[in-house]
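# Reading the structure
Chain by chain, the residues run as shown.
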Amino acid sequence: MASGKIANVLIVGGGLAGMTLATALVRGGIHVDLIELQPRWNVLGVGISVQGPTLRALKTIGLLDQCIDAGFGYTQVVDCDQEGKVFGIVDLPRLLGPDYPSCIGMMRPALHNVLCGAMTAEGVMPRFGLTVDALHDNGDAVDVTFSDGTRGRYDLVVGADGAYSKVRTLIFGASPKPEYTGQAVWRAMVPRPSNVAARNAYYGPHHKAGFNPVSRDEMYVYLVQNVTGDPWLAPEEWPVVMRELLSDFGGYIGEIRETITDPARIVYRPVERLLLPSPWHRGRTVLIGDAVHTAPPQLASGAAIAIEDAIVLAEMLHLDRPCGEILDGFVARRYERCQLVVENSYRLGEWEKNPEMPGADPVGLQSRSFMALAKPI
Ligand SMILES: Cc1cc2nc3c(=O)[nH]c(=O)nc-3n(C[C@H](O)[C@H](O)[C@H](O)COP(=O)(O)OP(=O)(O)OC[C@H]3O[C@@H](n4cnc5c(N)ncnc54)[C@H](O)[C@@H]3O)c2cc1C
């Protein structure tokens, strides 16, 4: 494969990974085109946990303080029984020093706005309602045919197009796909009682639930449901089903359960996982984020590893090395860490489904995982 510095990049997908990569590349002098399948931004109005490693990665592109201002900071995960009685506390490492929290909860649209604001300030304007139809790699460049019939030539194409990545299919064929894990996640926005100041997990007889503050006034309540078969449900059914599933729980969950009434304030998602074996690239096309590692939400670290991928790839692309060498080095640097998140999240989910499983130690595994993720990327 030819060498020569990468000067222009096509990013497919304007999610967390794609927008972070666009900003980091343009700041290093690389031209970026970004395409997004949706006709306009369409971000779920629910909360997200932004962990210490994510904050650390966002700091490298100067977005830490904006995220802190837009979110709610905390430093612990409090593990409780179904009545809210505490049985374990996981201290989240403070990766950014004593002046910053370990982690923040924030609304997804708020995180989107920070990343999108940074990207557009660098002059990257997404082309909406567009995808790639074909990629032809001639060794020195990739010739791209877009879904509107236009064409482009790029030194590198990055598939940041999520769990059902089209770019993945274009370079590796039909398989593999994310697999359903036997769990579904419910999240609903509710008012935050003033003394809720950490992420809480309640372990119930059938399911795990909890809550996570995202602002001074709001938090989200979540429930991880163990459910076999096809777990699709119509949105109008969501409030009743969620309240019913939460009826096992006391504590704060019991107190706020009846306020869950609006389907528009609920997000319901079957949980999937995927870890694409190495390599994550073919020729001059590489995949990042959920396109290569779709993690169950137990460690709340899917966004962390997606954003980290973008930061690491940008750092490596600014080196004057042959493209193949850069992409091999990128995957080598990222694989183990992303594998840890996908596999440990999955194992935590398996223990939630079957708490009697020999060796089940959710508090221990969470602590070990967060310590491992605290290491530099
Ligand atoms: C229920 C749930 C809760 C979660 N909670 C957390 C949490 O609390 N903390 C955390 O860190 N992570 C969490 N995650 C994981 C996190 O949301 C993902 O890991 C993260 O969003 C991945 O970012 P991404 O940019 O790789 O992909 P995505 O966010 O999926 O973005 C992909 C983008 O590509 C676009 N696209 C798709 N196909 C194409 C195409 N063919 N052409 C062009 N564009 C395309 C999409 O429209 C989208 O804009 C959660 C996930 C789920 C499902």
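Structure's up top.
First, a word on what this report is: a plain description of the structure on this page. The residue count restarts for each chain, going from 1 along the sequence in the order it is written. Side-chain atom pairs in this predicted model are given and counted only at pLDDT of 80 or more, local residue features only at pLDDT of at least 70, and totals for whole chains, interfaces and linings cover all residues.

## A closer look at the environment of R27
This is how the line gets drawn: The helix count covers DSSP runs of H or I at least four residues long, the strand count covers runs of E at least two residues long, and both are numbered beginning at the N terminus. For every residue, the other C-beta atoms within 10 Å of its own C-beta are counted; 20 or more classify it as buried, 12 or fewer as exposed, and values in between as partly exposed. C-beta atoms are placed from the backbone.
Here R27 lies in helix α1 (residues 16-27). Residue class for R27 comes out partly exposed when judged on the 14 C-beta atoms lying within 10 Å of it. Spatially, the C-alpha atoms of R27 and A314 are 9.6 Å apart, while their sequence positions differ by 287 residues.

## Description of the site of the ligand
To be explicit about the condition: Throughout this description, a residue near a molecule or strand is one whose C-beta atom, derived from the backbone, lies within 6 Å of it. We call Asp, Glu, Lys and Arg charged. Ala, Val, Leu, Ile, Met, Phe, Trp, Tyr, Cys and Pro are nonpolar, and the rest, Gly among them, are polar.
Neighbouring residues of the ligand: 29 residues in total, closest G13, G15, G162, G289 and G302. Broken down by secondary-structure element, the contributors of at least two residues to the shell around the ligand are α1, β2 (31-36), β3 (47-50) and α8 (302-317). Among the elements that make up the shell around the ligand, the one with the highest residue count is α8 (four residues). Taken together, the residues that form the shell around the ligand break down as 13 nonpolar, eleven polar and five charged.

## Side note on the nonpolar core
Cut-off, in case you're wondering: A set of buried residues drawn from Ala, Val, Leu, Ile, Met, Phe, Trp, Tyr and Cys, joined through C-beta atoms within 7 Å, is what defines a nonpolar core. Contact criterion: two residues are in contact if their C-beta atoms, reconstructed from the backbone, are within 7 Å.
Formed by 115 residues in total, the largest nonpolar core has its most connected members in L21 and I288. In terms of residue count, α8 provides more of this core than any other element does, eleven residues in total. Discounting residues that sit within four places of it in the chain, L21 has contacts with I11, V158, A160, I288, A310, L313 and A314.

## Let's talk about the sheet that holds strand β9 (residues 132-137)
Rules: Following DSSP output, two strands are said to pair if at least two bridges run between them. Think of each axis as a best-fit line through the C-alpha atoms, taken over the contacting stretch in the case of a helix, with angles from 0 to 180 degrees between the N-to-C directions.
Across the sheet, three strands lie side by side as β9-β10-β11; this open sheet has antiparallel pairing. Pairing within the sheet leaves two strands with one partner each, and these edge strands are β9 and β11 (151-154). The average undirected angle you get between the axes of adjacent strands in this sheet is 20°.

## Some points on the sheet that holds β2
The six strands are arranged β8-β2-β1-β12-β19-β18 in an open sheet whose pairing can be described as mixed. Because the sheet does not close on itself, it has two edges, and the strands there are β8 (127-128) and β18 (281-282). Of the pairings in the sheet, the one linking β2 to β8 comprises two bridges and is parallel in character. Its bridge partner lying in β8, E36 is registered against F128. Packing of α1 onto the sheet brings it into contact with β1 (8-12), β2 and β12 (156-159), and relative to β2 it is tilted by some 165°.

## Considering unusual backbone geometry
Between S278 and P279 the backbone carries a cis peptide bond, its omega angle lying at 5°. Of note, A300 is a non-glycine position whose phi angle comes to about 45°, a positive value. In this fold, A300 is placed in the loop between β20 (293-294) and α8.

## Concerning the environment of R347
Mapped onto the fold, R347 is located in helix α9 (residues 323-353). Separated by 51 residues in sequence, R347 and P296 have C-alpha atoms that sit 9.5 Å apart.

## Describing the pairing of strand β5 (residues 76-81)
Within a regular beta strand, the side chains point alternately toward one face of the sheet and then the other, so they alternate between its two faces. Note: β5 against strand β6 (residues 86-91), five bridges, orientation antiparallel. Along β6, the bridge assignment pairs C80 with V86. What sits between the antiparallel neighbours β5 and β6 is a turn of four residues, in which G84 has the positive phi angle 90°. Here β5 runs beside strand β14 (residues 199-203); their pairing, made up of five bridges, is parallel. For C80, the partnering residue across the bridge sits in β14 and is Y202.

## Comments concerning α8
This is how the line gets drawn: Any helix carries an expected span of 1.5 Å times its number of residues minus one.
The terminal C-alpha atoms of α8 lie 23 Å apart, and with 16 residues this matches the ideal 22 Å at 1.5 Å per residue to within 8%. Where burial is concerned, most of α8 is hidden: 14 out of the 16 residues are buried.

## Some thoughts on the packing of helix α2 (residues 52-59) against α8
To keep it simple, the criterion reads: Note on angle classes: values under 35 degrees are labelled roughly parallel, values over 145 roughly antiparallel, values of 65 to 115 roughly perpendicular, and the remainder oblique. Crossings are classed by handedness, with left-handed meaning an anticlockwise turn of the near helix from the far one by less than a right angle and right-handed meaning a clockwise turn.
Orientation of α2 relative to α8, taken along the N-to-C sense of each, is 25°, at an axis distance of 8 Å. Taken together, the axes of α2 and α8 lie roughly parallel to each other. Helix-helix and strand crossings are classified by hand; for α2 and α8 the assignment is left-handed. Every residue of α8 that contacts α2 at P53, T54, A57 and L58 is listed here: A303, A304, I307, E308 and I311. Class assignment for the residues of the contact of α2 with α8 results in seven nonpolar, one polar and one charged.

## A look at the packing of α9 against helix α10 (residues 362-374)
At a minimum axis separation of 10 Å, α9 and α10 run at an interaxial angle of 170°. Taken as axis vectors, α9 and α10 run roughly antiparallel relative to one another. Contacts from L340, N344, R347, L348 and W351 in α9 reach P362, L365, S369 and A372 in α10. Class assignment of the residues belonging to the contact of α9 with α10 gives a composition of six nonpolar, two polar and one charged.

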